[in-house]
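# An overview of the molecular structure
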Amino acid sequence: MDKLLLHVGFSNAVKISRILAVVNPGSSPVRKLKEEARQENKIIDVTEGRRTRSIIILDTGHLVLSSVQPDTITQRLSILSKEERNPALKLDRLENSNS
């Protein structure tokens, strides 16, 4: 899964191997983490001006602000993980999307 990219909204992607966590931005500890990252210039905002619905924490200490729901992102991660273990699933998905 080292080369895989995860779509996080508006034609933006994050390298899967860099992701540590996908969190909801509403809790107080996450808001504090976001403010600290902002002060250290480690915020990557891909919301295109929309509301931040999830924050992706990277192993570099950067936070990716996304307008995609955390459940949607984790669902995409799960699908990519399953496809990595079983390439036939990816072929099935691609064939179904082309029909």
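Let me begin by describing the structure that accompanies this report. (Residues numbered from 1 in each chain as written. Predicted model: local features only at pLDDT ≥ 70, side-chain atom pairs only at ≥ 80, totals over all residues. Heavy atoms only, no water.)

## Regarding the overall build of the protein chain
The number of helices and strands found in the protein chain is 3 helices and 6 strands. Starting at the N terminus and walking to the C terminus, you meet the elements of the protein chain as β-β-β-α-β-β-β-α-α. Counting the 99 residues in the protein chain, one finds 30% classified as buried. Here the analysis covers contacts within the protein chain between residues at least 6 apart in sequence; of these, 47% occur between residues at least 24 apart. Accessible surface, the protein chain as shown: approximately 6600 Å² in total, 48% of it carbon and sulfur. With 16 positive and 12 negative side-chain charges, the protein chain shows a spacing of 3 Å between the two charge centroids. (Helix = DSSP H or I, 4+ residues; strand = E, 2+ residues; numbered from the N terminus. Buried < 20%, exposed > 50% of the residue type's maximum accessible area, 1.4 Å probe, protein only. Contact = heavy atoms within 4.5 Å. Areas by Shrake-Rupley, 256 points an atom, 1.4 Å probe, with all protein chains shown as cover. Lys, Arg positive; Asp, Glu negative; His and termini not counted. Charge placed at Lys NZ, Arg CZ, Asp CG, Glu CD.)

## Some thoughts on the environment of Gln39
Within the fold, Gln39 resides in helix H1 (residues 28-39). For Gln39 and Leu63, which are 24 residues apart along the polypeptide, the C-alpha to C-alpha distance reads 12 Å.

## Here we look at the side chain of Ser66
Among the structural elements, Ser66 can be located in strand E6 (residues 63-66). For Ser66, a relative accessible area of 0% translates into the label buried. Engagement of the side chain of Ser66 in a polar contact is seen with the backbone nitrogen of Val68, the distance being 3.1 Å. If near-sequence neighbours (up to four positions away) are discounted, Ser66 is found in contact with Val8, Val46, Thr47, Arg51, Thr52, Arg53, Ser54 and Ile73. (Polar contact = N/O pair within 3.5 Å; in protein donor to acceptor, adjacent residues only side chain to side chain.)

## Some remarks on the pairing of E6
Taking every second residue as pointing to the same face, both faces of E6 are buried, with Leu63 and Leu65 on one and Val64 and Ser66 on the other. As paired strands, strand E4 (residues 43-45) and E6 are joined by 3 bridges and run parallel to one another. Within E6, the position partnered with Asp45 by the bridge is Leu65. Strand direction decides the pairing type here: strand E5 (residues 54-58) and E6, joined by 4 bridges, are antiparallel. The partner of Ile56 across the bridge, within E6, is Val64. Counted along the chain from E5 to the antiparallel partner E6, the turn is 4 residues long, and its residue Gly61 has a positive phi close to 95 degrees. (Pairing = 2+ DSSP bridges.)

By themselves, these figures tell us nothing about what the structure is for.
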